[in-house]
Amino acid sequence: MLKTVESKISALNWELGYRLSRLQHSKNLPALEKRDRIILNALKREGVYVTTLADLGLENTPELLQSAHKLVSTMGGSNNQQSQKLPQIYTVTDLPEFKTWGNAPRLMKIIENYLGLPVAFQGVHLRQDLPNYNQFGTLLWHKDSEDRRMVKVIIYLNDVEEKHGPFEYIPLSLTSFPNLNSYQIDYKLWQSGYLGINDEEVKEIVPKSAWKSCPGQAGTVIITDPRTVLHHGTLRTESRSALFFVYTANPPKRPELCTQYWDDTFAKPDIAKVTI
Ligand SMILES: [Fe+2]
């Protein structure tokens, strides 16, 4: 009982501190160009903004793509016959082409305005998701947990049609307060131990017609807050390669969940064997 009260008080203190920090930082937020304010507003309203590398127009994009494609060519898929094929993931945070692109000042300004706090660029995963026929892991509908608000920038490295398992989400307004669905979704997620829920369970709360799939050509960019938006990768019969850039507030709420973006949880490519 005492422990429950203590944890409630601590959560309340944390919440108040978070709100105060955002209020104090509001006067320091960098100004945005009109085109970037559109991205910010979509993130706040919808939880997702879809664009392309060409339209985003950040510097160093050719270098980023060249490095990414060379590394993807070394991944080589998987021959294992397990019923649940895990994605192949490279942590590429320390490679200059990825670090430079991910720290682009324009991108950082958009994210700082969205988070309302100083930004921590946590890192980059190069990820090859493999064909799977059953929902598990990130194929289940879920919300990420690293921070109170966060941003992921996902870049498709190959054309992504339905067979490649596009990113799919439900617009924020349909799953957030004051919509009653938010309670049902959060209860289902809690019941799952926050591991995620399958299509059938989600369909009972939000009709499939409201789900938003994000197919797109290579170079499609999905900017999203995966903490607030219910999302998943859809089942695929062909593999999908993508970059995932991850940003939180500095410091994040759950720093222990962020180490995976720069430590040895996932392999780092042996660049001595890859001519970048
Ligand atoms: Fe996720």
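Scroll up to find the structure this text is about.
My aim in this report is to walk through the structure given alongside it, one point at a time. Every chain is numbered independently, its residues counted from 1 as its sequence is written. Restriction of local features to residues with pLDDT of at least 70 applies here, the model being predicted, together with a cutoff of 80 or more for giving and counting side-chain atom pairs; totals for whole chains, interfaces and linings are based on all residues.

### Topic: the pairing of strand β4 (residues 150–156)
Note on burial: count the other C-beta atoms lying within 10 Å of the residue's C-beta; 20 or more is buried, 12 or fewer is exposed, in between is partly exposed, and C-beta positions come from the backbone. Where helices and strands are cited, they refer to DSSP runs of H or I of at least four residues and of E of at least two residues respectively, numbered from the N terminus. Along β4, 7 of the 7 residues are buried, which leaves the element largely enclosed by surrounding structure. Neither face of β4 is exposed, since M150, K152, I154 and Y156 on one face and V151, V153 and I155 on the opposite face are all buried. By the convention used here, strands pair only if DSSP detects at least 2 bridges between them. Here 7 bridges tie β4 to strand β9 (residues 240–249), and the two strands are oriented antiparallel to one another. Within the sheet, the bridge partner assigned to I154 lies in β9 and is F244.

### Description of the sheet that holds strand β6 (residues 212–214)
The antiparallel open sheet is built from 3 strands, whose spatial order is β6-β5-β8. With one partner strand each, in any of the chains shown, β6 and β8 (231–233) form the two edges of the open sheet. On average, adjacent strands in this sheet sit at an angle of 20 degrees to one another, irrespective of strand direction. Relative to β6, strand β5 (residues 167–169) runs antiparallel, the two sharing 3 bridges. Within β6, the residue paired with E168 across the bridge is S213. Under this scheme, a helix contributes an axis fitted over its contacting stretch, all axes are lines through C-alpha atoms, and angles between N-to-C directions fall in the 0 to 180 degree range.

### Some points on the sheet that holds strand β2 (residues 88–91)
On the basis of which strands lie adjacent, the open sheet formed by 6 strands has the order β1-β7-β4-β9-β3-β2 and antiparallel pairing. With partners counted over all chains shown, the strands left at the sheet margins are β1 (48–52) and β2, one partner each. When the angles between neighbouring strand axes are averaged without regard to direction, this sheet yields 20 degrees. Looking at chain direction, β2 and strand β3 (residues 119–129) are connected through 4 bridges and run antiparallel. If you follow Y90 over to β3, its bridge partner there is L126. The contact criterion used here is simple: two residues whose C-beta atoms, placed from the backbone, lie within 7 Å are in contact. Running over the sheet, helix α4 (residues 61–72) touches β2, β3 and β9 and is turned about 40 degrees from β3.

Limitation: the analysis is restricted to geometry and does not speak to function.
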